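# Tertiary structure, described
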Amino acid sequence: MSDHLHEPGLALHVEDLTVSYRARPVLWDIDFDVPPGVMAAIVGPNGAGKSTLIKAVLGLVRPTAGHVTLLGRPYRDQRRNVGYVPQRSSVDWDFPTTALDVVLMGLYGHLGWFRRPGRPEIARARNALAEVGMIDFADRQISQLSGGQQQRVFIARALVQDADIYFLDEPMAGVDATTEKAIVNLLRGLRDRGKTVIVVHHDLQTVRSYFDWLVILNVRVIAQGPVSDVYTAENLKRAYGGQIALLETAPAHPAPTQAG
Amino acid sequence: MLALLADSTIQNVLVGAALLGAISGVLGSFAVLRRQSLLGDTLSHAALPGICIGFLLAGARDMPAILAGALAAGALAALAIIGITRHTRLKTDAALGIVLSVFFALGVVLLTFIQSTGTGTQAGLETFLFGQAAAILRADLYLMGAITLGALVLVALLWKEFKLVTFDPVFARTSGFPVLALEIALTMMIALAVVVGLQMVGVILMAAMIVAPAVAARQWTDRLSVMVVLAAGFGILAGTSGAIVSATARGLSTGPLIVLAISAIVLVSLLLAPRNGLIPAWLRQRAGRRELHETLVLGTLSHLAVEHGDPDYRAEQAMIDAYHGTRTHQALEALAQKGLVAPARHAPETTPHWRLTDKGHARVAHPTEREDEPQ
C-alpha cells in the first residue's frame with residue numbers, strides 16, 4: 001500500500017482538478033495543497049465553486065480532469081479518515097428522528113451493512129453531542145431545534161466519525177454569534193489535536209481571526225497559503241473584483257481585532 | 001360475524017387486504033419521506049400495460065403471467081423515473097407525471113385492443129382498474145404473502161441504510177453506501193406493493209394505499225420506527241375494515257371501501273393528532289386567547305386600584321364589562337379560581353364586585369413568575 005502514496009505529507013493535495021456543468025467549467029485547473037494540522041478556509045465570491053470543490057474532493061461530483069489525494073491516498077481509500085458536514089439546508093429537518101439518532105448516522109459507515117448501532121455507538125454519539133453542548137437535546141425531534149442547534153448536531157455527526165480531516169460546508173451560515181463562537185472553538189480544538197479542518201467560509205471579516213490557512217478561489221485558485229501571507233487587498237480584489245471595495249482598507253490596519 | 005369469517009372467500013379477502021395494508025404502509029412511509037408520494041400513483045398506473053401484455057402472452061387470464069407483467073412494467077417505469085431525474089434537468093414531479101401518462105395511455109390502448117378482439121370481455125381485465133377482491137384465490141394469497149414478507153424482511157435488514165438514504169443521501173454516499181442501488185431498491189419495492197394491491201384496490205386507487213397510511217402515521221409520531229409500524233397498522237386496519245364492510249353489505253366493492261377507510265383514518269389523524277392535529281391546535285389557540293383576556297382584565301383591576309390609591313379597591317363587574325366592551329364574567333371567574341381575584345361586596349350596591357388578591361397584585365407586578373400553576 002505505502003509504495004503507492006502520492007504526496008503523503010499533505011492532508012489534501014488537489015492537482016489539475018477541473019469540474020464542468022454542461023460544458024461550462026465551474027472549477028478550472030485547480031492546484032492546491034493543505035498541510036496537516038491547520039484550520040483552513042476556502043473563500044471566494046458566489047459561484048466561485050467552493051461547495052463544488054469540496055464535493056469533487058469527496059467524490060460527490062465527478063471531475064472532468066485532475067486528481068485528489070488525502071494524506072497520500074485517493075478518497076475512496078481514506079473515507080473513514082474524512083468527516084463531512086454538508087450545508088444544513090441539504091436535508092429535510094422535518095424528518096421524524098432525534099438529534100441523537102442523527103449523530104448515530106455518523107457511525108453507520110463504520111458499522112457496515114446490516115449491523116445496528118448498539119450501546120458503545122450510543123455512548124460515542126452522546127459524547128459527541130456533549131462536546132458540541134447539545135447533550136440536553138439528545139432526544140429532541142430535530143425540527144424543534146434552532147438553526148444553530150441543528151448545525152451543532154451536524155458537527156457532532158462528523159465528530160463521532162473520529163476522522164483526521166474534516167470538511168465543513170458553510171458551518172457558520174445563518175447561526176447566531178454565540179453558536180459561531182462555539183463552532184470556531186470546537187474546530188480549533190480539533191486542529192489542536194492534530195486534525196486538519198477545511199471550511200468553506202463566506203465571511204471575509206472573520207477569516208484572519210478564525211483561520212491559519214487560506215485558499216482564495218474563483219473558478220481558479222487565486223492564492224493559497226498561510227492567512228497572513230495570502231489575506232491581502234490585492235488577492236481579494238482579484239477574486240472578488242469591485243465587490244470588495246469596502247474591505248480594501250482592512251488589511252492596512254493590522255489587527256485591531258475585536259472580531260468575533 | 002363468525003359465520004362471515006368462516007367463509008373462505010371472505011377469509012381470502014381479509015388476509016389479502018391485511019397484506020396490502022402492511023406492505024403499502026411500510027414502503028409508503030419511505031416514499032412519503034423521500035417526497036415521492038406520487039411514486040405509488042405512477043407505478044400503479046404504469047402496471048396496466050404490463051397486465052395487458054401478460055394477458056396477451058399467456059393468451060388467458062393467467063394470474064402469474066399478469067402479475068409478472070405488472071411487476072415488469074412497474075420496474076421499467078421506476079427505472080425510467082430514476083433515469084429521467086438523473087440525466088435530464090427535469091425534477092422528480094415532472095418525471096413522475098410523464099412516466100405515469102405515457103404508461104397509462106399505452107395500457108388503455110392495449111386494454112381497448114384486447115376488448116375489441118372479443119376475448120377481452122370474458123377476460124375481465126378492466127377489473128384491474130378498480131380491483132375485484134372477491135376473485136382472489138388462495139394461490140394468489142401465497143404470492144402476495146411471499147412478496148410482503150420479502151419486502152418486510154428487506155426493510156428490517158436494511159433499516160439503517162434505508163433510513164440514512166431517506167434522510168441524507170449525500171452523507172450516505174460519503175459513508176460508503178451505494179445510494180443509487182438503495183434508492184432503486186426502495187422504488188422497486190413500491191412496484192412490488194402495487195402488484196400486491198392490483199387485485200384488491202386496482203391500479204387507479206392504489207396511490208392512496210401508498211400515501212395515506214404514511215401521512216396518517218406521521219401525524220402521531222416523531223420517530224421513524226413508530227411511524228413505519230403505525231402506518232402498517234393503519235393499512236391493515238383500513239384493509240380489513242373495508243373488507244368486512246363490503247362482506248356485510250351487498251354490492252359494495254372492496255377496493256374503494258378500503259380506500260375510503262384509510263381516507264377516514266387520515267382525516268381523523270389530521271384533525272385529532274395531539275401535536276400536529278387541527279383541533280388540538282385550535283384548542284391551544286383558544287386557551288391562549290382566554291388567558292390573554294384574563295390578563296387584560298387583571299390589568300384593568302390593578303389600574304383601578306392604583307387610580308383609587310386603594311389596593312383593596314372593589315370594582316363593580318358592570319364597570320369592568322363597560323371598560324372592555326364585552327362580558328368579563330367568565331374571565332373573572334377563571335381568575336378567581338386561580339386565586340388572583342376575589343369576589344367582593346360594596347354596600348349599599350348589591351351588584352357583583354371584584355378585588356385583587358395579594359397573589360393577583362404579585363402577578364401584575366411580575367407577570368412572568370408563576371409558581372405552582374400548570375403550564
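The rules behind each value
- Residues numbered from 1 in each chain as written.
- Chains lettered and ligands numbered in written order.
- Predicted model: local features only at pLDDT ≥ 70, side-chain atom pairs only at ≥ 80, totals over all residues.
- Heavy atoms only, no water.
- Helix = DSSP H or I, 4+ residues; strand = E, 2+ residues; numbered from the N terminus.
- Rg over C-alpha atoms; globule rule 2.2 N^0.38 Å.
- Buried < 20%, exposed > 50% of the residue type's maximum accessible area, 1.4 Å probe, protein only.
- Contact = heavy atoms within 4.5 Å.
- Areas by Shrake-Rupley, 256 points an atom, 1.4 Å probe, with all protein chains shown as cover.
- Lys, Arg positive; Asp, Glu negative; His and termini not counted.
- Charge placed at Lys NZ, Arg CZ, Asp CG, Glu CD.
- Pairing = 2+ DSSP bridges.
- Buried area = accessible area lost by both parts, 1.4 Å probe.
- Salt bridge = Lys/Arg side-chain N within 4 Å of Asp/Glu carboxyl O.
- Nonpolar A, V, L, I, M, F, W, Y, C, P; charged D, E, K, R; others polar.
- Phe/Tyr/Trp six-rings, centres within 6.5 Å; stacked < 30°, edge-to-face > 60°.
- Lys NZ or Arg CZ within 6 Å of the ring centre and 35° of its normal.

## Things to note about the overall build of chain B
Of the regular secondary structure elements, chain B holds 18 helices and three strands. Computed over C-alpha atoms, the radius of gyration of chain B comes to 31 Å, more than 25% over the 21 Å expected from 2.2 N^0.38 for 375 residues, which places it beyond the range of a compact globule. Taken over the C-alpha atoms alone, chain B extends approximately 100 × 55 × 35 Å along its principal axes. Put simply, chain B has 375 residues, and 48% of those count as buried. Within chain B, contacts between residues at least 6 apart in sequence are counted, and of these 68% link residues at least 24 apart. Total accessible area on chain B is roughly 17,700 Å²; 66% of this is exposed by carbon and sulfur atoms. Within chain B, one finds 26 positive and 24 negative side-chain charges whose respective centroids are separated by 8 Å.

## Brief notes about the pairing of strand β2 (residues 341-346) of chain B
All names here are of chain B. Pairing geometry for β2 and strand β3 (residues 349-356), over five bridges, is antiparallel. Bridge assignment links Val341 to a residue of β3, and that residue is Leu356. Counting the residues that bridge the hairpin from β2 to β3 gives two residues.

## Some details on the interface of chain B and chain A
Chain B puts 29 residues into the contact, and the matching count from chain A is 35 residues. Here chain B meets chain A over a buried area of about 2,800 Å², counting both sides, of which 63% is carbon and sulfur. Together, Lys160, Phe167 and Phe171 of chain B form the three largest contributors to the area buried by chain B at its contact with chain A, with a combined 27%. There are four salt bridges connecting chain B and chain A. When residues of the side of chain B that touches chain A are traced back to their parent elements, those giving at least two are α8 (138-157), α9 (159-167), α10 (169-174) and α13 (224-248) of chain B. When residues in the side of chain B that touches chain A are grouped by element, the largest group, seven residues, is from α9 of chain B. A breakdown of the residues in the side of chain B that touches chain A according to their chemical character gives 14 nonpolar, four polar and 11 charged.

## A look at the packing of aromatic side chains
Each aromatic ring pair is summarised here by two numbers: the centre-to-centre distance and the angle between the ring planes. Applying the stated criterion across every chain yields a total of eight aromatic pairs over all chains. Between Trp113 of chain A and Phe114 of chain A, the ring centres sit 6.2 Å apart and the planes meet at 50 degrees, which makes this aromatic pair tilted. Between Trp113 of chain A and Phe177 of chain B the ring centres are 5.6 Å apart and the planes differ by 90 degrees, which places this aromatic pair in the edge-to-face class. Taken as a pair, Trp113 of chain A in the loop between α4 (108-111) and α5 (119-131) and Phe177 of chain B in the loop between α10 and α11 (179-197) lie in two separate chains rather than in one. For Trp113 of chain A, a relative accessible area of 38% puts it in the partly exposed group. Members of the aromatic cluster, joined through ring pairs, are Trp93, Phe95 and Phe154 of chain A together with Phe167 of chain B. Above the ring of Phe154 of chain A, the side-chain terminus of Arg157 of chain A is found at 4.3 Å from the ring centroid. Taking the ring centre of Tyr108 of chain A as reference, the NZ or CZ of Lys160 of chain B above it sits at 5.9 Å.

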